[in-house]
Every structure is written in structure tokens, then in C-alpha cells.
Amino acid sequence: MTLPVSDPAAWATAMNNLGMAPLGIAGQPILPDFDPALGMMTGIPPITPMMPGLGIVPPPIPPDMPVAKEIIHCKSCTLFPPNPNLPPPATRERPPGCKTVFVGGLPENGTEQIIVEVFEQCGEIIAIRKSKKNFCHIRFAEEYMVDKALYLSGYRIRLGSSTDKKDTGRLHVDFAQARDDLYEWECKQRMLAREERHRRRMEEERMRPPSPPPVVHYSDHECSIVAEKLKDDSKFSEAVQTLLTWIERGEVNRRSANHFYSMIQSANSHVRRLVNEKATHEKEMEEAKEKFKQALSGILIQFEQIVAVYHSASKQKAWDHFTKAQRKNISVWCKQAEEIRNIHNDELMGIRREEEMEMSDDEIEEATETKETEESALVSQAEALKEENDSLRWQLDAYRNEVELLKQEQGKAHREDDPNKEQQLKLLQQALQGMQQHLLKVQEEYKKKEAELDRIKDDNLQVEQLLENFHEKQENCGSRLCASSQEGEQPLEKTAVSNPVKSEREALLVGIISTFLHVHPFGASIEYICSYLNRLDNKISTSDVESLMSRLQHTFRQEMTGVGASLEKRWKFCGFEGLKLT
């Protein structure tokens, strides 16, 4: 507080901005009743500009409001603010990562110490490059310090209390483009890019599924472990993958060939297990299909009942008693129920068509199914005709009721003495004639429908007779087949003590297997034969088929085919040769 005070008002304003009570030369307050929250200049709100020792940026000011800056006193100089009504000083575009400012308009007698004293309040200064032509470049430590330095642009500087031209100047602060700033900014951007790539790589690695463990190298110990795993169903997949990797690596040689052959043989033993598993899964699928079909048919029956309720409610006998809104709701519900029923019916028919395509070998079943569909179509037509007849009857009843009402009204009209009695009688007679004609038409339609119903009943009787004749023909054919089989077996019974074919089912199996092996002249394995038979009947087992074929030695013969690893047992049909021997 030992500095000379040339302007007590300006000194008090500066001390107010620093948050200290203004003091005189002797340490006494200049204004005893001074309020720090109020500014010294009238009409200007209190602003906290950048003062020595205050490392803060002034608060944001609306663009339409002129900025009122305060006088800044330094140790060797004084900064006077520009006119607040003037436009703000122009600046160039800010370069990326700018930390350097250009300062022009310095006094001719200004030194580097004075520049440091003025701009040190904005932040840490790294370097100053001063020119002889009254300008310099200042590089700060951080980017935000440049914004503080730009706040001083437009201030008029005066060294001490001198009024000499060489001791005064108007500061112009602007962004400057420096190589060091651009290099540091590029390094920072590269560092951020590396961090982003590292983050993305870590995220991808986290989301990537784990890689499979590496396959161990071949050794006698590992070979024994893999051989044991191949015998275990739960560890079979892992062991097979290891075996495949070893073979592809070329681990098979003359010394290890026997070990590899035993492991391949163990893998081959799982073929039958897989076939049986497939058969069980197919059986489960068929059961699930059957269960779904039964449930769907039950749902369809309930839909049919609901639709029948809607149809019965839509008939004339009950329809007249409902209101208009109730009739509308019933018709909408009926339409929705019919659409859902048709969808379910199409789905059920599609399932049945698939089953018919799978079982297309059996022609008799196809014929019966087509006849059943024809019968169902005829029955549906008969039901539709019955419903139409019922509706016509109800219409007749309604018309009769209306005629009776008209007659009653006519009788009342006769009793009353009205002047327009003759006209009313004529109108009533015309109405009665029209009703009688309509009744005649309805009776004719009713007779036609009854004739059609009788004709459909006759058609149904004819279809039933055809079905009975067809069943009788089937029974006659079955009896003839049994008689022919008995005649053929009589000479065989004389030569053989016991019949190898014990039932009609086994005879059918023998015929099917003979036909199958006749198509395969080079023979077929028992698994291949059973897979074909399982398509016809899932209950056929491999052991039963093999025992049946082994009993018929003159019909089927088992041979060993192949060499080495491809050695296989195959069954062949030898019925033509066995006929000569027997």
C-alpha cells in the first residue's frame, strides 16, 4: 500500500474488484461506508475482470450487452479499458490446439519484464518471442489460458505515470499458429486414437467367443486316453475330433497303425448307436405329431360347436328377438370364429395330406380315405339342405303370423266406422294376395329342397352298398390268399418237421425282404434292411429280422464281403437256388 495514488476513485474500484476494503496511504479507509458488492461507476454492474493473482475467466455476458471492463493496475504499468460501446476486436480462426497468442501494439519502451508482468496473470508462460517492431508471441502452458489473454485485447497500456508516446500503446491480442502447438495437438489426437482402438479391441475380445483348446500331440499315453474316451458316449465327440486332428497331422505310421486302427474300430462301433438314437428320435417326433394332431382336432371340434351356436342364434326364430347392436356383435363374432376355424382346418388337412404322401404305397387306404371324404362332403351338403329347409319353415310360420295379424286388423276395421274403410280393405286384399303368392313360391322351394334331400339320401345308400361290397371283396381276397398259402405249405410240411414261418406277419416280412434283396443283387447289411423296414413299421426290431432270416437258410444267405477294414456281413437272396435244393 505504499504506491502513489493518482486517481483515488480508480484505485478504490480496483481494490473493490480484488475483494479488499480500499485503504489510503496511511492505511485508513478512503470511504468509511464502502460496500464491496457495489461498483464505483454508476450504471455498471460489478464485474470481476482478470486481475493480478486472479486465475479466473470473467463470467459469460450476453452478446447484446456491452462489456464494461475495469482499469487494471500492475507494478510497472496501468491498463485502461476500451470504450464499451465499440465492437469487440476481430480475431482470426483458432488453430487446433492453440497455446500461443500474438500481442501487438506494445509501447516502444516496453520490455520483456513488463510483458511478463501483464500476461502472467493469465497463466503460466512457457516462452516469449519479442520482436523489435512492438509485437511479440507468448506461449502458455494450457489452451484455456489463451482465452484469458484474449480478454486483454483492446486495452490501452501506459508505463508508470508517463504520458510520452513511446510509453503508451493499444494492445491487440489474437490467436497465433505455432508448430509446437500443432505437434502437441497431433500427438494428443494420436494418443486418443490409440486409446480408442485399444478400447474397441478389448471390447471385441470380450465379445468374441472363446477359442477351442489346442489338440495335444500324439503319444502312447494320449492314445490310450483317447481310446478310452471313444468308448464313452459322453466324451465321444471330443475324442473323435482329437483322432481326426492326429490323422490329418500325419501321425499315422507303421508303428502306430495298430493303435489308430483300434481307435477307428471303436469309432465305427458307435454307428449302430447313432442309428438307434435316430430311430428313437423319429419315433418321438411321430408321437409328438400324433399328439399335436389330436389336440388340433379337439380344438377344431370346439370351434365347430361355437360356430354352430352362432348359426343357430342367427336363425329367424331367435334372430328377431335380439337388438340391432347384439345382432351386429353376433355376426362379427361368427365371422371371426369361422376364419379361425378355417385356418385350423387347413392346417389339419395339410398334416393329413403329408401323412397320405408318406403312406402312398398302400393304395387300399387311399381309396378308403377318398371315399370317406366323399361321404363327409355328402353329409355336409345334406346338413346344409336341412338348415335351408328349417329356415324356410320358420319364414312360413312368420308369414302366417303376419297374415293372422292382418286378418285381425281387418276385422277391427269392419267393426269401426271409418270413412276410408273401402280403401283400407283394398290395401289389405292386395297385401293378402302378395303374401299368398310368396307363400306359394316358398312351398315350391320347400318341395324342391325335400326332393334334393331324398336324392342325397339315395346317393348315401348307394355309397354304403358300394363300401359293403368292397369290404366283402377284401375278405374274399384274404381268404383266397390264406388258402393258397396253406396249399403251398402242404408239401413243405412233409419234408420239414417244423415250419420256420410262424405267423402271417413273418410271411409278409419274408416277402418284403425278398423283394428288397432282389433289387440289391450284391446283398445288404442287416442295418440297411431294418432301416427300410422301420419306415413301414417302427415296431420291427433288428434281432427279430435277423433270427427270421437265419431260420430260412434256403431263402437268405449271409456272406462276408470286403477286405481288411471294409469287411462287412451282407445278406443275399438265394430263393432261386434254394428251390432246386428243396
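This structure is a prediction, so every number in the text was calculated from the model and none was measured. (Residues numbered from 1 in each chain as written. Predicted model: local features only at pLDDT ≥ 70, side-chain atom pairs only at ≥ 80, totals over all residues. Heavy atoms only, no water.)

## Observations regarding the UniProt feature "coiled-coil region" (unreviewed entry) in the protein chain
Summarizing the sequence annotation, UniProt attributes the feature "coiled-coil region" (unreviewed entry) to residues 264–298 and 357–476 in the numbering used throughout. Span residues 264–298 is 97% helix and 0% strand, its end C-alpha atoms 52 Å apart. (UniProt positions renumbered as here; feature names shortened; annotations may be inferred. Helix = DSSP H or I, 4+ residues; strand = E, 2+ residues; numbered from the N terminus.)

## A few points about the sheet that holds strand β4 (residues 125–130)
Taken together, 4 strands build an open sheet; the order of strands is β4-β5-β3-β8 and the sheet is antiparallel. At either end of the open sheet lies a strand with only one pairing partner, and these are β4 and β8 (172–175). Recorded for the sheet is a direction-independent mean angle of 20° between the axes of neighbouring strands. As judged from the 4 bridges shared by strand β3 (residues 100–104) and β8, these two strands associate in the antiparallel manner. Bridge pairing in β8 links V101 to F175. Helix α2 (residues 112–119) rests against β3, β4, β5 (135–140) and β8 of the sheet, and its axis sits at about 140° to β4. (Pairing = 2+ DSSP bridges. Axes fitted to C-alpha atoms, helices over the stretch in contact; angles between N-to-C directions. Contact = heavy atoms within 4.5 Å.)

## A look at a positive patch on the surface
A cluster of basic residues, R190, R194, R197 and R201, forms a positive patch on the protein surface. Note that R201 resides in helix α4 (residues 179–207). (Patch = residues over 30% accessible without salt bridge, like charges linked within 9 Å, V, L, I, M, F, W, Y side chains within 5 Å. Areas by Shrake-Rupley, 256 points an atom, 1.4 Å probe, with all protein chains shown as cover. Salt bridge = Lys/Arg side-chain N within 4 Å of Asp/Glu carboxyl O. Lys, Arg positive; Asp, Glu negative; His and termini not counted. Charge placed at Lys NZ, Arg CZ, Asp CG, Glu CD.)

## Looking at the pairing of β4
Two elements, β4 and β5, share 5 bridges in a ladder whose sense is antiparallel. Note that in β5 the partner of I128 across the bridge is I138.

## As for the environment of D174
Summarising the element assignment, D174 is placed in strand β8. Put simply, D174 and F102 are 72 residues apart on the chain and 5.1 Å apart in space, counted from C-alpha to C-alpha. When near neighbours in sequence (up to four residues on either side) are disregarded, D174 contacts A90, T91, R92, V101, F102 and L150. Engagement of the side chain of D174 in a polar contact is seen with the backbone nitrogen of R92, the distance being 3.2 Å. (Polar contact = N/O pair within 3.5 Å; in protein donor to acceptor, adjacent residues only side chain to side chain.)

## As for helix α7 (residues 257–268)
The periodicity of an α-helix, 3.6 residues per turn, causes residues three or four positions apart to be oriented the same way. The first and last C-alpha atoms of α7 sit 16 Å apart over 12 residues, in line with the 16 Å expected at 1.5 Å per residue. Within the span of α7, buried status applies to F260, M263 and S266. Projected down its long axis, α7 carries its buried residues within an arc of 115°, all on one side. What points out from α7, more than 90 degrees from its buried face, is the exposed set N258 and N268. On its buried side, α7 packs onto α5 (220–230), α6 (236–249) and α8 (270–314). (Expected span 1.5 Å × (residues − 1). Buried < 20%, exposed > 50% of the residue type's maximum accessible area, 1.4 Å probe, protein only. Arc of directions from axis to C-beta.)

## Some points on the side chain of H270
Position of H270 relative to the elements: it lies in helix α8. By relative accessible area, which is 5% here, H270 ends up buried. At a separation of 3.0 Å, a polar atom in the side chain of H270 contacts the side chain of R273. If sequence neighbours within four positions are ignored, H270 has contacts with L230, K231, D232, D233 and F236.

## What about a negative patch on the surface?
Taken together, E464, E468, E472 and E475 make up a surface patch of like negative charges. As for its placement among the helices and strands, E472 is situated in helix α12 (residues 421–495).

## Topic: the sheet that holds strand β7 (residues 168–170)
As summarised here, the arrangement of the 4 strands in space is β1-β2-β6-β7, forming an open sheet in which the pairing is antiparallel. Two strands close off the open sheet at either side, each with one partner strand: β1 (72–73) and β7. For strand β2 (residues 77–80) and strand β6 (residues 156–159), the ladder comprises 4 bridges, and the chain directions are antiparallel. When the sheet's bridge partners are listed, C77 is paired in β6 with L159.

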